[in-house]
Amino acid sequence: MEEANMEHDAHHDLHMTPEEEYSSSKLGMWLFLGTEIMLFGGLFAAYAIFRAKYPELFLESHQELNREMGAVNTGILIFSSLTMAIGVTAIQRGKQMLAGIMILVTIICGLGFGVVKYFEYGSKFSHHIYPDTNIFFSLYFMMTGLHMLHVFVGLIVLGVIMVMTFQKKFDEKYSTPVEMGGLYWHLVDLVWIYLFPLLYLVG
Amino acid sequence: MANESVATNVYVPYLEQKGFMSWLVTTDHKRIGIMYLISISLFFLIAGIIALLMRFELMTPMADFVSPHTYNVLFTLHGSLMVFFFIVPGLAASFGNFLIPLMIGAPDVAFPKLNLGSYYIYIAGTIIVLYALLQPADTGWTFYTPYSATTDTDVVMITFGVFVLGFSSILTGMNFIVTIHKMRAPGMTWHRLPLFIWASYATAVLQLLATPVVGITLLLLIAERSLGVGFFDPAKGGDPVLFQNFFWFYSHPAVYIMIIPAMGVISEIIPVFARKPIFGYKAIAYSSLGIAFISFLVWAHHMFTSGISEVAATIFSFLTFLVAIPTAIKVFNWLATLYKGSIELHSAMLYALGFVFLFTIGGLTGVFLGALAADIHLHDTYFVVAHMHYVMIGGTVMGFFGALHFWYPKWFGKMFNESVAKLSWFLVFVGFNITFFPQFFLGIQGMPRRYATYPEEFQSLMALSTYGSWILGLGVLIMTVNLIKGLFSDEKAPQNPYGSLSLEWQVPSPPPTLNFDKIPEVTDWTYGYGKKKEVDA
């Protein structure tokens, strides 16, 4: 997906102005985000069905989850969305240094999220809680696992974009990849915003 | 028009550049279209040969040619290869790639590199599935749980391959939607777009919205087998019917991913050979979107016997009938286009007419199956097999063959032998009906699908069906040889052999590398046959 947004080669220049490329990439990215919603939608549907079927199981099992760690991670991700948004605004105004640093901060937040998740998963495994323990934990591991996968992909994408930003590849005239990376990162954040209350908070 | 400036520019056909590498790294939508065309055709032929083997086994009531297990493997392979490797990417990826930029007056798709990437993802998926053949699955192409979660054949590999294919489908769909939105030539308004473009657009919407759902479904099935999660396992509190809900939420819209592009092809062929403007342009255009929309609301009609509630079943039965409306709108409009037309029975036109005839049978028998009471009797019988093949072969494959014969001169700049093409059409049409029409009767008499053996009283109809499959096979063989032979013929195709008004025929055959020397200005729709001055052939 992300390569789509980095289209800037010779063949491409033959038939697209930067403005056209920007609006095409933006439409393409939004369509792609739509497919992501449908992907997670399947899991949310499964959550709704099994939650209605086994309310007690969900109540008991969700108490095993570590709310503090979940809350910290929620804070981290929301903050990273802020830094990403600042980064995008910065590059639109031609401030390459600020944009690069903001993307770097976003990446550090993403890594921090991964570290917290690592300890969370670790403590579940040490309590002998695995994906096959019960339906709730099947959902927990599948949903957060798939989300984690998206975080990793996001980190790789943002890593590439950060290097290119520091190399001054982007400026106020051309910042499409930064914006697309930002959109993707906001989606990753948004999915978590739903996962956190559904899994950790609602009893 | 674009061809006026040919004299001033050097014309380099897109096929000019030779060498393996020039294909591997190409971002030319026409070349990528060809690569898809070759790949899906190969899978069509392989899966077709598997079907012939199955029909051969079914000549006699006993399992004397292959064992029942091998038979299960064969129908799984036939279904999976046909559905996921031929018919879903099918027309959309091959002809969609080739035609969309040409028809809307663009030099390429919106994301050419991504387009090539999608093709490589398709290839990656095929390699994974070919690897999975070492220990082939026997679940059928639907991978129903709980069997798929417990069989010891390699379900994980083949589902993972299909999962990977899904990415290819999604990215292609996204690429096409953006292309159609952003890259239309000046004057190419929405209501001047060729109907194939409308069909491709509706298909792409389905690909985007439905494919991720089958993606997560297959992912969950893999997790079920590898991590022991229990969403579909009653022993763990899961629900096997949930798998069916998920699966058909994709796979019913996927049926329209398969058929809508073929409907687009028919809408292109019929007006050209009837020399009349297409009747009911807007009705055909919007009915594509209508089918796409309704297709998301009917999935549970595959599950009337799976234990869903009567209320749900009644609602889904009703919603299923709604699909008949936009489909019938298309058929009636095609017929109205033919009415009082000056019809030329070119081989492409024969396939188009075959489509209308056979698809009508396929569509009407679908209404039988959508009816709740009838479906209880007909579910999982040969009636379903016959219905499905009337839609998929009678519909999509007829459209595919029609498209092949119609755009062949444009793609390759060569001509095939028209008489042989007509002969192969005749064999395909007759063979297909002899193969599948008896299966309606078998189904009504209660012959269940997916068995290697059957009671003796069915043998005469079963054998008839097998004879038909040989005629069908022969027809496809002759067609394939004819089309391949045409590539090596010396006969060069003219720019516009049928006098079509559509943009792709206004450039030389085969088209130049960048399609148009100058982006054309569009001043009218593409179906003004018989009314205004027509372009010279």
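Residues numbered from 1 in each chain as written. Chains lettered and ligands numbered in written order. Predicted model: local features only at pLDDT ≥ 70, side-chain atom pairs only at ≥ 80, totals over all residues. Heavy atoms only, no water.

S.K.: Can you explain the side chain of serine 267 of chain B? Please cite residues and give values.
M.R.: Looking at where serine 267 of chain B falls in the secondary structure, it is placed in helix α9 (residues 240–274). When neighbours within four sequence positions are excluded, serine 267 of chain B is seen to be in contact with Leu195, Ile278, Ile284, Trp334 and Tyr527 of chain B. (Helix = DSSP H or I, 4+ residues; strand = E, 2+ residues; numbered from the N terminus. Contact = heavy atoms within 4.5 Å.)

S.K.: Can you lay out the interface of chain A and chain B for me, pointing to particular residues and giving the numbers?
M.R.: Note on interface size: it is often stated as the accessible area lost on association of the parts. Across the boundary between the two partners, chain A contributes 35 residues, which contact 39 residues of chain B. Both faces combined, the contact of chain A with chain B buries some 3100 Å², and carbon together with sulfur accounts for 79% of it. Linking chain A with chain B are 0 salt bridges, by the criterion used here. Ranked by the residues each element gives to the side of chain A that touches chain B, the list is headed by helix α3 (residues 18–53) of chain A, at 17 residues. Residues belonging to the side of chain A that touches chain B are distributed by class as follows: 20 nonpolar, 10 polar and 5 charged. (Buried area = accessible area lost by both parts, 1.4 Å probe. Salt bridge = Lys/Arg side-chain N within 4 Å of Asp/Glu carboxyl O. Nonpolar A, V, L, I, M, F, W, Y, C, P; charged D, E, K, R; others polar.)

S.K.: So what about unusual backbone geometry? Which residues, and what values?
M.R.: All names here are of chain B. Residue proline 146 follows threonine 145 across a cis peptide bond; omega there is 0°. Tracing the backbone through its elements, the reader meets proline 146 in the loop between α5 (112–132) and α6 (147–150). Going from serine 509 to proline 510, the amide bond is cis rather than trans, its omega being -15°. Structurally, proline 510 is set in the segment after α16 (459–487). Of note, the phi angle at arginine 275 is positive, near 50°, even though the residue is not glycine. Positionally, arginine 275 belongs in the loop between α9 and α10 (281–294). Exposure remark for arginine 275: the relative accessible area of 22% places this residue in the partly exposed category. Positive phi values are uncommon outside glycine, yet aspartate 380 reaches one of about 60°. Within the secondary structure, aspartate 380 is located in the loop between α13 (372–378) and α14 (382–412). (Buried < 20%, exposed > 50% of the residue type's maximum accessible area, 1.4 Å probe, protein only.)

S.K.: So what's going on with the packing of aromatic side chains? Which residues, and what values?
M.R.: Summed over the entire model, instances satisfying the criterion amount to 78 aromatic pairs over all chains. With centroids separated by 4.7 Å and ring planes inclined at 40°, the aromatic side chains of phenylalanine 44 of chain B and phenylalanine 86 of chain B adopt a geometry described as tilted. Of this pair, phenylalanine 44 of chain B sits in helix α2 (residues 29–57) while phenylalanine 86 of chain B sits in helix α3 (residues 68–87), and the two are 42 residues apart along the sequence. For phenylalanine 86 of chain B, a relative accessible area of 2% puts it in the buried group. Considering the side-chain rings of phenylalanine 98 of chain B and tryptophan 411 of chain B, the 4.5 Å spacing of their centres and the 65° angle between planes classify their relative orientation as edge-to-face. One end of the pair, phenylalanine 98 of chain B, is in helix α4 (residues 90–104); the other, tryptophan 411 of chain B, is in helix α14, and 313 residues separate them in sequence. Since its relative accessible area comes to 0%, phenylalanine 98 of chain B is described here as buried. One Lys or Arg, lysine 117 of chain A, reaches over the ring of tyrosine 121 of chain A and ends 5.4 Å from the middle of that ring. (Phe/Tyr/Trp six-rings, centres within 6.5 Å; stacked < 30°, edge-to-face > 60°. Lys NZ or Arg CZ within 6 Å of the ring centre and 35° of its normal.)

S.K.: How would you sum up a nonpolar patch on the surface? Please name residues and give values.
M.R.: A cluster of nonpolar side chains, namely Ile49, Leu53, Phe56, Phe65, Leu464, Tyr467 and Trp470 of chain B, defines an oily patch on the protein surface of about 660 Å² accessible area. Along the chain, leucine 464 of chain B falls in helix α16. (Patch = residues over 30% accessible without salt bridge, like charges linked within 9 Å, V, L, I, M, F, W, Y side chains within 5 Å. Areas by Shrake-Rupley, 256 points an atom, 1.4 Å probe, with all protein chains shown as cover.)

S.K.: For α10 of chain B, give the residues involved together with the corresponding values.
M.R.: Relative to the 20 Å expected for 14 residues at 1.5 Å per residue, α10 of chain B spans 20 Å between its end C-alpha atoms, a close match to the ideal helical length. Each element contacted by the buried residues of α10 of chain B is listed here: α8 (195–226), α9 and α11 (310–338) of chain B. (Expected span 1.5 Å × (residues − 1).)

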